[in-house]
Amino acid sequence: MHDPQDLLRPDTQAEQRLSRRRYVLDTETLKKLVQRRAKAIAHKDSLRGRLNSVTRKLAEQRGARDQLDLDTAKELKRRVQLADEEQRAADGELSAFLLAVPNIPVSETPRGGPDDPPVEVRRWGRRPTFDFEPRDHVDLATSAGLLDLPRASKLSGSRFAVFRGAGARLERALTSFLLDLHTEEHRYIEHSVPHLVTSETMTGTGQLPKFADDLFATKVADRHLYLIPTAEVPLVNLYGKETLAADDLPLRLTAHTACFRSEAGSYGRDTRGVIRLHQFAKVELVRLCLLQDAEEQLQLLLSHAEECLQRLGLHYRVIDLRASDLGFSARRTYDLEVWLPSQQCFREISSVSDCGDFQGRRAGIRVKRGDTKEYAATLNGSGLPIGRTVVALLEQNQRADGSIAIPPALTPYTGFHTINPDGTTH
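Below, the structure is looked at part by part. Since the structure is predicted, the reported quantities are computational estimates derived from the model, not experimental observations. (Residues numbered from 1 in each chain as written. Predicted model: local features only at pLDDT ≥ 70, side-chain atom pairs only at ≥ 80, totals over all residues. Heavy atoms only, no water.)

### Details of the overall build of the protein chain
Here is step 1 of the chain: A count of helices and strands for the protein chain gives 13 helices and 16 strands.
Here is step 2 of the chain: Projected onto the principal axes, the alpha-carbon positions of the protein chain cover approximately 100 × 50 × 40 Å.
Here is step 3 of the chain: Looking at the 426 residues of the protein chain, the share that counts as buried comes to 51%.
Here is step 4 of the chain: In the protein chain, the share of contacts with a sequence separation of at least 24, taken over all contacts with a separation of at least 6, comes to 73%.
Here is step 5 of the chain: When the accessible surface of the protein chain is split by element, carbon and sulfur atoms take 48% of a total near 20,700 Å².
Here is step 6 of the chain: In the protein chain, 60 side chains carry a positive charge and 59 a negative one; their mean positions are 4 Å apart. (Helix = DSSP H or I, 4+ residues; strand = E, 2+ residues; numbered from the N terminus. Buried < 20%, exposed > 50% of the residue type's maximum accessible area, 1.4 Å probe, protein only. Contact = heavy atoms within 4.5 Å. Areas by Shrake-Rupley, 256 points an atom, 1.4 Å probe, with all protein chains shown as cover. Lys, Arg positive; Asp, Glu negative; His and termini not counted. Charge placed at Lys NZ, Arg CZ, Asp CG, Glu CD.)

In C-alpha cells form, the structure reads like this:
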C-alpha cells in the first residue's frame, strides 16, 4: 500500500495527481490517522519502558520482592496490553484507508475525462472491407455450429458460452499459438497456477478490498477463496513477501487461465455473444523489474501484446488511457483495440499496464540491490484474451458465403485453413 508520508509530503503532489483520476484524497483524515497511530506507538513504548525498568528492579531484589513493585509491574503489563490493542486498532484504520487509495498516475499519463476523445498512439494493418453486409460473431458462429449460447445458459445462466467443434478447436489452437509465441520468442516462463486464491492474494494486486462485490467467491466450512479475475493475481503474488535479487530481474511470467468477472454495469452490445462473459480464458503476461526500468519494460510488454495481433493479421489501434480511465492499480495503461466490422468500431482486446511499485508494496515484494532494498515494480498485459480474439478473427476474416478464413499463423495449430458455413473444415 502507499507510504502515508509520501501521500502527505507537499513535494510528491499526491493530492493533485490523484485528482487527475477523479479521486479525492482526504488528507485531513489521513493526517489524523497517522497522528493517532504515532501517538499509540509512543504511548505503548513509554509504558513498555516503564515496565522494563520495574522488571529490572524486581530482578535485582534479594529475597522477598517489594509488593508495591509487584503491583506496579502487574498494572503496567495490563496497560501495555491495552496500549498494544489500541495500536493494532490504529494500524488497522490507517491500513484500511491506504488500501482504498488508488495508484498515482505518472506525469506522462494523459489528462482528461470520459467525454474527451481517446488519445490514439498508432494503428496497425488495414481495415477489412466487404462487398456484403458483415455479420457479427454470434450469427457467424451460431449458424456454423461453433457456438451454443442457449445450452451454456441452461448450464450456468446468462453470459456464459459453449464453443464446440471447430470453434473449440480454434480456441485451443489460439491458446497454444499465444503460449508458444510468448515462451519461445519473448522468453516468458509459463506457469500453471491456481484459479482459487486467498483474500490476502487478492489484496496484494489491488482487487481487495475495493472490488469485493465484483468478485466471485467460494466458501467451504470456514475457508473463503476467490476465483481469479485474471492470472495477473496469482502470477504477481507468487513472489509475495519475498526479496528478489536485482540481477535476476526482470522476471517474465505467463499463464493461460480461466478468468471470472461479474462485469457489473455491462449492457447492450457488450453482453451479446462472448465479448463480456462471467467466465473467459486468457493468456496473461506479467513482468517484475526495478522501478527505474518500468517505462522501458512497459514499452517492451506493449510490443509483445501487439505482436500477437500482428501475427494474426488483425487490424487494431493503440490508445494511451487518460488518468480518469486508469484501473485501480495502474499508473499508466495502453489499451489495444481491435476492429469489429459488425459494430464498425474498435473494441478493447488488451490492456497493458505499468503499476510501478504499487503492487510490490501491497504484496511485500522487495528487491535487494547491494546493501539496499526497494519494492519491485510490476507490469501486466493481456496477450491475449481467447474469446475476444476469436470474435475478431471470425468477424475480420468472414466471407460472403459465411465461411471463415484462418490466418496462416494459426493453421499449423488448427490443422485447417477454412471453417465452412456448416462448421466443417478444410
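### Quick notes on helix α12 (residues 386–396)
Here is step 1 of the chain: Here α12 lies mainly inside the structure; 11 of its 11 residues are buried.
Here is step 2 of the chain: For α12, the complete set of buried residues consists of I386, G387, R388, T389, V390, V391, A392, L393, L394, E395 and Q396.

### Remarks on the packing of helix α7 (residues 166–185) against α12
Here is step 1 of the chain: Their axes nearest at 10 Å, the elements α7 and α12 cross at an angle of 110°. Judged by the angle between their axes, α7 and α12 are roughly perpendicular. In this structure, α7 meets α12 at a crossing whose hand is right-handed. Each of L170, E171, L174, T175 and L178 in α7 lies in contact with α12, whose residues at this interface are I386, T389, V390, L393 and L394.
Here is step 2 of the chain: For the contact of α7 with α12, a count of residues per class yields seven nonpolar, two polar and one charged. (Axes fitted to C-alpha atoms, helices over the stretch in contact; angles between N-to-C directions. Parallel < 35°, antiparallel > 145°, perpendicular 65-115°, else oblique. Left-handed = near helix turned anticlockwise from the far one by under 90°. Nonpolar A, V, L, I, M, F, W, Y, C, P; charged D, E, K, R; others polar.)

### Observations concerning helix α3 (residues 27–60)
Here is step 1 of the chain: Over its 34 residues, α3 runs 49 Å from end to end, which matches the ideal 50 Å to within 8%, given 1.5 Å per residue.
Here is step 2 of the chain: Among the residues making up α3, those that are buried are T27, L30, L33, V34, A40, K44, L47, L51, V54 and L58.
Here is step 3 of the chain: On its buried side, α3 packs onto α1 (4–8), α2 (14–19) and α4 (67–99). (Expected span 1.5 Å × (residues − 1).)

### A short note on the nonpolar core
Here is step 1 of the chain: Core analysis: the biggest nonpolar cluster contains 51 residues, and L174, L178, L312, L336, L394 and L410 have the highest contact counts within it.
Here is step 2 of the chain: Setting aside residues no more than four positions away along its own chain, L394 makes contact with H137, L140, A141, L146, L170 and I404.
Here is step 3 of the chain: V193, L244, L249 and I365 belong to the second largest nonpolar core, which has 18 residues in total. (Core = buried A, V, L, I, M, F, W, Y, C linked by side-chain atoms within 4.5 Å.)

### Some details on the packing of aromatic side chains
Here is step 1 of the chain: Within the structure shown, the criterion is met by six aromatic pairs.
Here is step 2 of the chain: Ring geometry for W124 versus Y316: centroids 5.9 Å apart, planes at 20°, classification stacked. A residue pair is termed long-range when its members are at least 10 positions apart, and W124 in strand β1 (residues 119–124) and Y316 in strand β9 (residues 316–320) qualify at 192 residues.
Here is step 3 of the chain: Lying across the ring of W339, R127 places its NZ or CZ 3.8 Å from the centre. (Phe/Tyr/Trp six-rings, centres within 6.5 Å; stacked < 30°, edge-to-face > 60°. Lys NZ or Arg CZ within 6 Å of the ring centre and 35° of its normal.)

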